[in-house]
Amino acid sequence: MHTIINWMKEFLILYLILTIIMQLAAAEQYKKYLRFLSGIILLVMLMNPVLRLTGKGGDEIARSYERFWEQMEDFSKEAGSLKLQQNGYELQLYEDAVAANLTAQAQEQGILISQMQVTLTDDYKLQSVTVWLDAVYRQQHPSADKQMITFLKETCDLNETQIFIY
């Protein structure tokens, strides 16, 4: 009976400590992780007497704890990888939007473009622009390349080494 009372005291003390930590958590976005972690801790605390009776006690809990943290580390690595992939996808979408915008502006200037590709740096600054002019327009206007270079220099503040025209 004394063992059960001590176990209940330990459980209640742990529960109060976890509740206080939850209340002191500064950011709302971290509270769900704290709730998850505190739930696991309380579950382990509840299962501890049962595991002791079956003879699996501390060793099994220690191995489970190690496996949990290994899985959390793997999850963290995967989340980081997904974030990098998402950033790459967002960069590609932004590059496509900039290319579409520049194509529309060039067409307003009377320059016919069949395709445009924009390359941005990781901090979303314009790195280079590759332009494929319309073949018929290019034949009819021998100065089309120079006109496009002038347009991109003025519009995007690029130098000639950043502009590729085909």
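Above this text you will find the structure in question.
Quick caveat: nothing in here was measured; it's all calculated off a predicted structure. Residue numbers here run from 1 along each chain, matching the order of that chain's written sequence. Reporting in this predicted model follows two pLDDT cut-offs: at least 70 for local features of residues, and 80 or more for side-chain atom pairs to be given and counted; totals over whole chains, interfaces and linings ignore these cut-offs and use all residues. For side-chain calculations, the full set of non-hydrogen atoms in the structure is used, while hydrogens and water are omitted.

**Structural notes on the side chain of E95**
Part 1: Only DSSP runs of H or I covering at least 4 residues are called helices, and only runs of E covering at least 2 are called strands; the numbering of each starts at the N terminus. Positionally, E95 belongs in helix 3 (residues 57-108).
Part 2: For the exposure calls, accessible area comes from a 1.4 Å probe over protein chains only, and a residue counts as buried if that area is under 20% of its type's maximum, exposed if over 50%, partly exposed in between. By the counting scheme adopted, Arg and Lys are positive, Glu and Asp are negative, and His together with the chain ends is not counted. By convention in these notes, a salt bridge is any Lys or Arg side-chain nitrogen within 4 Å of a carboxyl oxygen on Asp or Glu. Buried charge E95 goes without a salt bridge, the closest partner of opposite sign being K125 at 15 Å.
Part 3: The contact definition used throughout considers only heavy atoms, calling two residues in contact when any of these lie within 4.5 Å. When sequence neighbours within four positions are dropped, the list of residues in contact with E95 reads V118, T119 and L120.

**Some remarks on the packing of aromatic side chains**
Part 1: Two rings from Phe, Tyr or Trp (for Trp, the six-membered ring) form a pair when their centres are within 6.5 Å of each other. A pair whose planes differ by under 30 degrees is stacked, one over 60 is edge-to-face, and the rest are tilted. This structure, assessed with the given rule, holds two aromatic pairs.
Part 2: With a centroid separation of 5.3 Å and an interplanar angle of 80°, the aromatic rings of Y94 and Y124 are classed as edge-to-face. Of this pair, Y94 sits in helix 3 while Y124 is found in the loop between strand 1 (113-120) and strand 2 (126-133), placing the two residues 30 residues apart along the sequence.
Part 3: Taking relative accessible area as the criterion, Y94 reaches 40% and is therefore assigned partly exposed.
Part 4: With a relative accessible area of 38%, Y124 lands in the partly exposed category.
Part 5: A centroid spacing of 5.8 Å and a plane angle of 25° characterise the contact between W132 and Y166, whose relative ring orientation is stacked. Taken together, the residues span a long stretch of sequence, with W132 in strand 2 and Y166 in the segment after strand 3 (163-165) at a distance of 34 residues.
Part 6: Taking the relative accessible area as the measure of exposure, W132 reaches 27% and is therefore partly exposed.
Part 7: According to the relative accessible area criterion, Y166 is partly exposed, its value standing at 47%.

By themselves, these observations are geometric and do not establish any function.
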